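Report on the structure
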Amino acid sequence: QVQLQESGPGLVKPSQTLSLTCTVSSGPISSGDYSWTWIRQPAGKGLEWIGRMYTNGNTKYNPSLKSRVTVSRDTSKNQFSLRLSSVTATDTAVYYCARGRAISRSPSGLDVWGQGTMVTVSS
Amino acid sequence: DIQMSQSPSSLSASVGDRVTITCRASQSIGNYLNWYQQKPGTAPNLLIYAASSLQSGVPSRFSGSGSGTDFTLTISSLQPEDFACYFCQQSYSTPHTFGQGTKLEIK
């Protein structure tokens, strides 16, 4: 069973760049009908879809964050990453990485999630 | 962006009850609708995908229905472990937006 694990700093200063990495335990992230996705959740609030990378390397981002967000990958390490620039306190949240699945080319939910990592933006 | 709205926002129920949660999309999304369960301090867990398909390993007391703009998640007989927060998500177009969540509490 594939597992995902987020890693990165738990504290980021305002105006700096948040950088997180998701390590995928098995199965190359460059194959299969999957997308590798970042989601966040402020404390006590709902879920916000940030962006994703398909196995072919194409990316899609939430327009509300598009100018600040980049999802990339390192296939040699089977990792994908999130960079969010110019952070403010409103970016404080638990950040999750997840695997999006397609069945017969139809998006079929986020079936594997990391445990999440708390990131606080504060000076 | 497609807006997803859930109702109710919170719900009190008893073990053994039948419970229904509703999710409405701001435009037609076909059957591109997923449901998740989230317990405190843990990541969401996929229950239902494509509106009505049960994710592997999820108990059969969970079911989903609907298409277009209106969807429901039904739990046929609540168990103690079902008290949690439930989210819907559309995967019709990016960003794949979520509903605001429904908190299911013990009466």
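Structure: above.
Residues numbered from 1 in each chain as written. Chains lettered and ligands numbered in written order. Predicted model: local features only at pLDDT ≥ 70, side-chain atom pairs only at ≥ 80, totals over all residues. Heavy atoms only, no water.

Moving on: the overall build of chain A. The number of helices and strands found in chain A is zero helices and eleven strands. Along its sequence from the N terminus, chain A presents helices and strands in the succession β-β-β-β-β-β-β-β-β-β-β. Compactness check: chain A gives a C-alpha radius of gyration of 14 Å against a globular reference of 14 Å for 123 residues, within 12% of the reference. Within chain A, the fraction of its 123 residues that count as buried is 46%. Accessible surface, chain A: about 5,800 Å² in total, of which carbon and sulfur atoms supply 46%. When the 13 positive and 6 negative side-chain charges of chain A are each reduced to one mean point, those points stand 5 Å apart. (Helix = DSSP H or I, 4+ residues; strand = E, 2+ residues; numbered from the N terminus. Rg over C-alpha atoms; globule rule 2.2 N^0.38 Å. Buried < 20%, exposed > 50% of the residue type's maximum accessible area, 1.4 Å probe, protein only. Areas by Shrake-Rupley, 256 points an atom, 1.4 Å probe, with all protein chains shown as cover. Lys, Arg positive; Asp, Glu negative; His and termini not counted. Charge placed at Lys NZ, Arg CZ, Asp CG, Glu CD.)

Moving on to the nonpolar core. Residues A:Leu4, A:Leu18, A:Trp38, A:Phe80, A:Leu82 and A:Tyr95 are the most contacted members of the largest nonpolar core, which totals 26 residues. At the level of elements, β3 (18-24), β4 (34-41), β5 (48-54), β7 (69-74), β8 (79-84), β9 (93-103) and β11 (117-121) of chain A are the ones that each hand at least two residues to this core. Counting residues per element, this core draws most heavily on β3(A), which supplies four residues. One finds B:Val19, B:Ala25, B:Leu33 and B:Ala51 within the second-largest nonpolar core, a separate group that totals 24 residues. (Core = buried A, V, L, I, M, F, W, Y, C linked by side-chain atoms within 4.5 Å.)

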